Amino acid sequence: MSLLKAFLFSLLALMVSNLLLVIIVYASFGRFDIIISIFTADASTNLFYQLFSSMGHAIWVSVDRIAYHIVNDNLFFLFLSLVVLVAPLIAAIVAGRVGEKRIHSFFGVFLTSIVSMIVSMIMIFYIDPYDILITSEYLGNGALFIVVGGSLLNGLIFGLIAFFTTKRK
């Protein structure tokens, strides 16, 4: 039961924190039309991307994007790239605090990463621009490797954060 609780709280924290952080970034830069389009125009694809795909991004691609936006002094896209790292961190801490055992917290976050990987893979196959958005590559150039490898690595990294933030042994 503790594993299920850690998984559900991790998934819920990932979805809520990702959506709230994206809305905060868009609102702070005055892009209210994009906030409305998340919920209206192409709502199913854009909303699924905003809710689930933050752990589907490979961490090395996210760090590369952050470095690129720092060098080019593009603050808006820097904050959007930081959301991809901060939302899973919040989910890992929540799962770590909710889980009754350390291993349950770890596997709760790891299962959240697997769910994010599956949603990202479905979006890559069926929606055109998402392979470039999630992986910065086309599908034929290894986007699946980046999604699968990146999701598993994110599950390991953020799972270890959840493992070490659990109060109980």
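Everything that follows concerns the structure shown earlier in this document.
Residues numbered from 1 in each chain as written. Predicted model: local features only at pLDDT ≥ 70, side-chain atom pairs only at ≥ 80, totals over all residues. Heavy atoms only, no water.

Caption draft 1: A look at helix α5 (residues 75-98). Here α5 contains 24 residues, and its C-alpha end-to-end distance of 34 Å stays within 8% of the 34 Å for a straight helix at 1.5 Å per residue. Along its length, α5 reaches its greatest deviation from straightness, about 30 degrees, at Val83. Of all the residues in α5, the buried ones are Phe76, Leu78, Leu80, Ser81, Val83, Val84, Ala87, Pro88, Ala91, Ala92, Ala95 and Gly96. Along its buried surface, α5 packs onto α1 (2-28), α4 (59-71), α6 (102-126) and α8 (143-165). (Helix = DSSP H or I, 4+ residues; strand = E, 2+ residues; numbered from the N terminus. Expected span 1.5 Å × (residues − 1). Bend = angle between axes of the 7 residues up to and from the residue. Buried < 20%, exposed > 50% of the residue type's maximum accessible area, 1.4 Å probe, protein only. Contact = heavy atoms within 4.5 Å.)

Caption draft 2: View of a nonpolar patch on the surface. Side chains of Phe29, Leu75, Phe79, Leu82, Val86 and Ile90 sit close together on the surface and give an oily, nonpolar patch of about 430 Å² of accessible area. Tracing the backbone shows Phe29 in the loop between α1 and α2 (32-39). (Patch = residues over 30% accessible without salt bridge, like charges linked within 9 Å, V, L, I, M, F, W, Y side chains within 5 Å. Areas by Shrake-Rupley, 256 points an atom, 1.4 Å probe, with all protein chains shown as cover. Salt bridge = Lys/Arg side-chain N within 4 Å of Asp/Glu carboxyl O.)

Caption draft 3: View of the packing of α1 against α2. Remark: α1 packs on α2, axes separated minimally by 8 Å, with the N-to-C direction vectors making an angle of 150 degrees. Comparing their axes, α2 and α1 come out roughly antiparallel. Between α1 and α2 lies a crossing whose hand is left-handed. Contact residues: α1 offers Leu19, Val22, Ile23, Tyr26 and Ala27, while α2 offers Phe32, Ile34, Ile35, Ile38 and Phe39. Taken together, the residues of the contact of α1 with α2 break down into ten nonpolar, no polar and no charged. (Axes fitted to C-alpha atoms, helices over the stretch in contact; angles between N-to-C directions. Parallel < 35°, antiparallel > 145°, perpendicular 65-115°, else oblique. Left-handed = near helix turned anticlockwise from the far one by under 90°. Nonpolar A, V, L, I, M, F, W, Y, C, P; charged D, E, K, R; others polar.)

Caption draft 4: The arrangement of the packing of aromatic side chains in detail. Enumeration according to the criterion identifies seven aromatic pairs in this entry. Between Phe76 and Phe77 the ring centres are 5.0 Å apart and the planes differ by 70 degrees, which places this aromatic pair in the edge-to-face class. Accessibility expressed as a relative area gives 5% for Phe76, which makes it buried. The class for Phe77 is partly exposed, based on a relative accessible area of 35%. Ring centres of Phe163 and Phe164 lie 5.1 Å apart, and the angle between their planes is 85 degrees; this geometry places the pair in the edge-to-face category. (Phe/Tyr/Trp six-rings, centres within 6.5 Å; stacked < 30°, edge-to-face > 60°.)

Caption draft 5: Examining the nonpolar core more closely. Counting residues in each nonpolar core, the largest one holds 18 residues, and the members touching the most others are Tyr26 and Phe52. Those elements that provide at least two residues to this core are α1, α2, α3 (43-52), α5 and α6. For this core, the leading source of residues is α1, giving seven residues. Apart from residues no more than four positions distant in its own chain, Tyr26 is found in contact with Arg31, Ile34, Ile35, Ile38, Phe76 and Leu80. Counting residues in hydrophobic clusters, the runner-up holds ten residues, among them Leu14, Ala87, Ala92 and Val109. (Core = buried A, V, L, I, M, F, W, Y, C linked by side-chain atoms within 4.5 Å.)

Caption draft 6: Local environment of the side chain of Thr112. In this fold, Thr112 is placed in helix α6. Using a relative accessible area of 0% as the deciding quantity, one classes Thr112 as buried. When sequence neighbours within four positions are dropped, the list of residues in contact with Thr112 reads Phe7, Ser10, Leu11, Leu14 and Met55.

Caption draft 7: Region of the structure containing α1. For α1, with 27 residues, the first-to-last C-alpha span of 38 Å sits near the 39 Å given by 1.5 Å per residue. Following α1 by one or two positions, Gly30 adopts a phi angle in the positive range, close to 75 degrees.

Caption draft 8: Broad picture of the environment of Ser151. By the element assignment, Ser151 lies in helix α8. Taking C-alpha positions, Ser151 is 9.3 Å from Ser54, a pair spaced 97 residues apart along the chain. Once residues lying within four places of it in the same chain are set aside, the contact partners of Ser151 are Met55, Gly56, Ser113, Met117 and Ile146. Only 2.8 Å separates the side chain of Ser151 from the backbone oxygen of Val147, close enough to count as a polar contact. (Polar contact = N/O pair within 3.5 Å; in protein donor to acceptor, adjacent residues only side chain to side chain.)

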